[in-house]
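Observations on the three-dimensional arrangement
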Amino acid sequence: MSKQGSDDERPLKPATRLVQAGRRAEWTGMPGDAGTIVNPPVWRASTILYEDVAHLRAGNMHTPHKLYYGRRGAPTSWALAEAITQMEPEAAGTMLFPSGVAAIAGAMLAVLKPGDELLMVDSAYGPTRTLCDGLLRDFGVTTRYYDPLIGADIAALCTDKTRAIFLESPGSLTFEVQDVPAIVAVAKARGIITLLDNTWATPLLLPGLGLGVDVSIVACTKYICGHSDVMMGAVSANAALWTRITRRGHMLGQMVSPDDAWLTLRGLRTLAIRLKEQGANALTVARWLETRPEVTAVLHPALPSCPGHDAFVRDFRGATGLFSFELAGGGEAERAVFIDALALFGIGYSWGGYESLALPVDPADLRSATRWSGRGPLVRVNIGLEDPEDLIADLDRAFAIWQKSRTT
Ligand SMILES: *Cc1c(COP(=O)(O)O)cnc(C)c1O
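Keep in mind that this is a model prediction, so the values were computed, not measured. (Residues numbered from 1 in each chain as written. Predicted model: local features only at pLDDT ≥ 70, side-chain atom pairs only at ≥ 80, totals over all residues. Heavy atoms only, no water.)

1. As for the site of the ligand
- Around the ligand sit 14 residues, and of these G100, V101, D197, T221 and K222 come closest.
- Separating a nitrogen atom of the ligand from a side-chain N or O atom of D197 is a distance of 2.6 Å.
- A distance of 3.0 Å separates an oxygen atom of the ligand from a polar atom in the side chain of W351.
- Summarising the interface, the protein chains cover 93% of the accessible area of the ligand, which totals 380 Å² for the free molecule.
- Residue contributions to the shell around the ligand peak at 3 residues, all from helix α5 (residues 100-111). (Near = heavy atom within 4 Å. Polar contact = N/O pair within 3.5 Å; in protein donor to acceptor, adjacent residues only side chain to side chain. Areas by Shrake-Rupley, 256 points an atom, 1.4 Å probe, with all protein chains shown as cover. Helix = DSSP H or I, 4+ residues; strand = E, 2+ residues; numbered from the N terminus.)

This is the structure:
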């Protein structure tokens, strides 16, 4: 990052920022030495040693980038947090959490208090609902769920107790795209805080804070790490909320391991090229699936048939590799035959890694404000970096086996 402060006022493009961010000379070199290494190394720490008591007492535990005590992090996690902050020019800072769910919980506990109402999108990630209906309810917060396609009509649900609106766009099972600017406009007019789970697009493809959202949450476990071997979450916020979120996170004792921060930072450097490739591969596979008689619907934000597609075209800089499709009939057992028949797709939870996955998903069980009226069993796929021709051939083979399972 040392060369970034040139006289050139033009802001760096997002892909360039991903390469430059978090590589401060003081984190990659030794004091007084002209040379630096490229990547901040793994700084392991609990105790920090000081020259004398005066240095121990200088600053305080909230002073940014001061080695204070291991729980407040060290250059490896600072570099990752800074790099994620720089993905969104409107972000004042980023607090790291040991998982995406911890990040969601940390953000909620920072902005909500007993007696508050929370408006939660009905297509939300399952564990987010569990948090609302469990811990938040027990702490006196009332959650009301809303239709992901509600747009500006969310105004009708707001009361003087509504403290926050939580968005997730697109939903990670059914992929409805929300009208983020319309909801943000309603919230801003009423002093309501908006939080966005931006795991699918990442700030690279959906500039959440740029669209006026106050708090942007990313499960780095997915695309930012990108290699299916780290759990990590991040909360970035604007200047008004940043201090509160980081202080509350510290009160909860949240921190991340330097090894995980290092791996996540390594993943982040290639995020732009992975998303471009995985997005293109996924669209190739999705368009092929649309032509198949075995498929009644493909739920992918970049396809015009997707609810909220216009908002996708307006607000997103591209699509990523996760989408669902609906099988033309059969039941649970036949869907399992289809998924089991795939050779190149792993069967497992999570997504965002470089390798393809297939998962049976049942969104109907995770709704309360809206009804999921899908016709057939749903399969969600994470399309990886394989050649899409091989993935299509694999799906084609599995469709033939699925057809046979339905007729015998
Ligand atoms: C996986 C996921 C999370 C949670 O991330 P973890 O790191 O698994 O806790 C949150 N939101 C969405 C949309 C996810 O897919």
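Moving on from the coordinates now.
2. Side note on the sheet that holds strand β5 (residues 193-197)
- Strand order in the open sheet formed by 7 strands is β1-β7-β6-β5-β4-β2-β3, and the pairing between neighbours is mixed. Both outer strands of the open sheet, β1 (93-97) and β3 (142-146), are each paired with one neighbouring strand and no more. Direction aside, the axes of adjacent strands within the sheet are offset by 20° on average.
- Two strands pair when backbone bridges link them, and strand β6 (residues 215-219) and strand β7 (residues 233-237) are joined in this way by 5 bridges, in the antiparallel orientation. Its bridge partner lying in β7, I217 is registered against V235.
- The strands that helix α7 (residues 180-190) touches are β3, β4 (162-168) and β5; relative to β4, the one it contacts most, it runs at about 175°. (Pairing = 2+ DSSP bridges. Axes fitted to C-alpha atoms, helices over the stretch in contact; angles between N-to-C directions. Contact = heavy atoms within 4.5 Å.)

3. Details of the environment of L289
- Along the chain, the position of L289 falls in helix α11 (residues 271-290).
- Accessibility expressed as a relative area gives 0% for L289, which makes it buried.
- Linking L289 and F175, residues 114 residues apart in sequence, is a C-alpha distance of 16 Å.
- Non-local contacts of L289, meaning those with residues more than four positions away in its chain, are made with V295, V298, F323, F325, L395 and F399. (Buried < 20%, exposed > 50% of the residue type's maximum accessible area, 1.4 Å probe, protein only.)

4. Notes on the environment of L378
- Within the secondary structure, L378 is located in strand β12 (residues 378-382).
- Sequence-distant contacts of L378, that is, excluding residues within four places in its chain, are made with L173, T174, L299, S324, F325, E326, R335, L359, P360, V361, P363 and W372.

5. Regarding the pairing of β5
- A large share of β5 lies buried, amounting to 5 of its 5 residues.
- Residues I193, L195 and D197 of β5 are buried on one face, and the alternating residues T194 and L196, pointing to the opposite face, are buried as well.
- Where β4 lies against β5, 5 bridges are found, and the strand directions are parallel. Across the sheet, residue F166 finds its bridge partner in β5, namely L195.
- Handedness of the crossover joining β4 and β5 through α7 is recorded here as right-handed.
- Pairing of β5 with β6, which is carried by 3 bridges, proceeds in the parallel orientation. Of the residues in β6, the one forming a bridge with D197 is I217. (Right-handed = clockwise from strand over helix to strand, strands pointing away.)

6. Here we look at helix α13 (residues 332-341)
- Those residues of α13 lying buried are R335, F338 and I339. The arc that holds every buried residue of α13, seen down its axis, measures 95°, which confines them to one face.
- Here the buried face of α13 lies against β9 (322-327), β10 (346-347), β11 (357-361), β12 and α14 (388-407). (Arc of directions from axis to C-beta.)

7. A few points about empty space enclosed by the protein
- On inspection of all chains with the given rule, the structure shows 1 cavity of 30 Å³ or more.
- Of the volumes computed, that of the largest cavity is approximately 30 Å³.
- In terms of lining residues, the largest cavity is bounded by L322, G348, S350, W351, L357, A358, L359, R380, V381 and N382.
- Going through the elements one at a time, β11 and β12 are the ones with two or more residues in the lining of the largest cavity.
- Here the residues of the lining of the largest cavity are counted per class, giving 6 nonpolar, 3 polar and 1 charged. (1 Å grid on protein atoms, 1.4 Å probe; cavity = no way out; pocket = protein on both sides within 12 Å on 5 of 7 lines; lining within 4 Å. Points joined across faces, edges and corners; volume = space filled by probe spheres on them. Nonpolar A, V, L, I, M, F, W, Y, C, P; charged D, E, K, R; others polar.)

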